[in-house]
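Each chain is listed here by its residues.
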Amino acid sequence: IGHAALSSLKKGSNCIAIGTSALSTFDSSGNCIGIGTRCMGNTESLDCIGIGYETMISSLGSACIAIGHSSLSITEGSDNIILGHGCMNAATTATGNIGIGNGTLTGLTTGSNHVAIGHNSLNSNSTGDSNIAIGASSLALGFTSRVNIGIGVLALFNCDGSDNTAIGHNTLQNLTSGIHNVAI
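Residues numbered from 1 in each chain as written. Predicted model: local features only at pLDDT ≥ 70, side-chain atom pairs only at ≥ 80, totals over all residues. Heavy atoms only, no water.

A word on the overall build of the protein. The number of helices and strands found in the protein is zero helices and 13 strands. Start at the N end of the protein and walk to the C end: the helices and strands fall as β-β-β-β-β-β-β-β-β-β-β-β-β. A compact globule built from 184 residues should have a C-alpha radius of gyration of about 16 Å, and the protein, at 17 Å, falls within 12% of that. Referenced to the eigenvectors of the C-alpha coordinate spread, the extents of the protein come out at roughly 55 × 20 × 20 Å. A sequence separation of at least 24 residues applies to 0% of the contacts in the protein between residues at least 6 apart. Of the roughly 7,500 Å² of accessible surface on the protein, 59% is carried by carbon and sulfur atoms. Measuring between centres, the 4 positive side-chain charges of the protein sit 10 Å from its 9 negative side-chain charges. (Helix = DSSP H or I, 4+ residues; strand = E, 2+ residues; numbered from the N terminus. Rg over C-alpha atoms; globule rule 2.2 N^0.38 Å. Contact = heavy atoms within 4.5 Å. Areas by Shrake-Rupley, 256 points an atom, 1.4 Å probe, with all protein chains shown as cover. Lys, Arg positive; Asp, Glu negative; His and termini not counted. Charge placed at Lys NZ, Arg CZ, Asp CG, Glu CD.)

This is the structure:
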């Protein structure tokens, strides 16, 4: 439904496209739902759901769910669940991530297995893995941090270290490269 929706489909199956140019260059993949203008507009995804303007616009991933304007817009990764405006919009091969909140995981390129919940949480991490950030701007500035847990607004805000746990508002906010710290 919509101008140029599914306009290039050749071999795909079980697809639903709603919106101008939704799934418009979708060629041979299947089992996808795209709702929104240019949603999944240039994609070869399989088993994905995209809702929002230009959501998953250049995705080659599989088994992904993205809801929000320009979220999960460039990726070959799979098994990502993204909810929020601009979430995970720079990803290339990131896999197994969950991002909920505007601006979460925006710098992520190849990192995997993150959980980011809260406005701008884990938004600078590009190649780290296995972080849990719950709270606005938690673990926000660590580019390669890995295996950290930050729960609370600004928890581990500057952290680029590993194996740290911070629970509470501003906890370990200025820690930059530490390892094996616990603060509650």
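From this point, the narrative continues.
Strands sit in the order 1-2-3-5-7-8-9-10-11-12-13 across an open sheet of 11 strands; the sheet is parallel. The outermost strands of the open sheet, each flanked by one partner alone, are strand 1 (16–18) and strand 13 (182–183). Sheet topology note: the strand 10 (residues 132–134)/strand 11 (residues 149–151) ladder contains three bridges and is parallel. Bridged to alanine 133 within strand 11 is glycine 150. (Pairing = 2+ DSSP bridges.)

Examined against the element boundaries, alanine 140 turns out to sit in the loop between strand 10 and strand 11. The spatial distance from the C-alpha of alanine 140 to the C-alpha of leucine 60 is 27 Å, given a sequence separation of 80 residues.

So, on to the pattern of salt bridges. For the structure shown, the criterion picks out two salt bridges. A salt bridge links arginine 38 to glutamate 54, with the shortest nitrogen-to-oxygen separation between them at 2.8 Å. Taken as a pair, arginine 38 in the loop between strand 2 (33–35) and strand 3 (49–51) and glutamate 54 in the loop between strand 3 and strand 4 (58–59) lie far apart in primary sequence, 16 residues in all. Note that aspartate 129 is salt-bridged to arginine 146, the shortest N-O span being 3.1 Å. Taken as a pair, aspartate 129 in the loop between strand 9 (115–117) and strand 10 and arginine 146 in the loop between strand 10 and strand 11 lie far apart in primary sequence, 17 residues in all. Given a relative accessible area of 38%, arginine 146 falls into the partly exposed group. (Salt bridge = Lys/Arg side-chain N within 4 Å of Asp/Glu carboxyl O. Buried < 20%, exposed > 50% of the residue type's maximum accessible area, 1.4 Å probe, protein only.)

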